[in-house]
Amino acid sequence: MESKIEVLSTVTVDYQPDLYKVVDVLNRTLKNDDLMFGLALDKDDKEKAIFTIYRT
């Protein structure tokens with residue numbers, strides 16, 4: 001069985017040290033709804049973060 005992950009939305013936001021807490025609570029709360037959330041620093045601008053919503 002092949003697992004497919006679909007990107008639903010991506011947005012760039014100002015980086016804040018506690019952003020990972022929001023992503024963590026979203027992942028814990030909505031994992032049973034086949035949603036997953038990601039956060040990564042922008043490669044070109046370390047003051048920006050990329051927030052992504054996935055359907056698993």
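Quick look at the structure, then.

### Notes on the overall build of the protein
Here is step 1: Regarding its fold elements, the protein presents 1 helix and 3 strands.
Here is step 2: Ordering the α and β elements of the protein from the N terminus gives β-α-β-β.
Here is step 3: In the protein, buried positions account for 12% of the 56 residues.
Here is step 4: Nonlocal contacts in the protein, meaning residues at least 24 apart in sequence, comprise 52% of its contacts between residues at least 6 apart.

### Quick notes on the packing of aromatic side chains
Here is step 1: Tallied over the entire structure, the rule returns 1 aromatic pair.
Here is step 2: Considering the side-chain rings of Phe 37 and Phe 51, the 6.0 Å spacing of their centres and the 20° angle between planes classify their relative orientation as stacked. With Phe 37 in strand 2 (residues 35–41) and Phe 51 in strand 3 (residues 48–55), this residue pair connects regions lying 14 residues apart in the sequence. By the burial criterion, Phe 37 is buried, and Phe 51 matches it.

### Details of the sheet that holds strand 1 (residues 6–14)
Here is step 1: The 3 strands lie next to each other as 1-3-2, forming an open sheet whose pairing is antiparallel. Edge positions in the sheet fall to strand 1 and strand 2, since each of these pairs with one other strand and no more. Within the sheet, the average angular offset between the axes of one strand and its neighbour, ignoring direction, is 20°.
Here is step 2: Across 7 bridges, strand 2 lies against strand 3 in antiparallel orientation. For Gly 38, the partnering residue across the bridge sits in strand 3 and is Thr 52.
Here is step 3: The strands touched by helix 1 (residues 19–30) within the sheet are strand 1, strand 2 and strand 3, with strand 2 carrying the most contacts at an inclination of about 165°.

What counts, and at which threshold
Each chain has its residues counted from 1, running along the sequence as written. Given that the model is predicted, a residue must reach a pLDDT of at least 70 before its local features are reported, and side-chain atom pairs must reach 80 or more before they are shown or counted; all residues, however, enter totals for whole chains, interfaces and linings. Hydrogen atoms and water are omitted, and side-chain values are computed over all heavy atoms in the structure. Runs of H or I in DSSP of at least four residues are treated as helices and runs of E of at least two as strands, each being numbered from the N terminus. Classification of residues uses two cut-offs on accessible area relative to the type maximum, computed with a 1.4 Å probe and protein chains only: under 20% is buried, over 50% is exposed, and between them is partly exposed. Contact definition: two residues touch when any of their heavy atoms are within 4.5 Å. Two rings belonging to Phe, Tyr or Trp (six-membered ring only in the last case) form a pair when the distance between their centres is within 6.5 Å. Interplanar angles under 30 degrees mark stacking, angles over 60 mark edge-to-face geometry, and anything in between is tilted. Criterion used throughout: strands pair if DSSP finds at least two bridges between them. Axis definition: a line fitted to C-alpha atoms, limited for helices to the stretch in contact. Angles are taken between N-to-C directions and run from 0 to 180 degrees.

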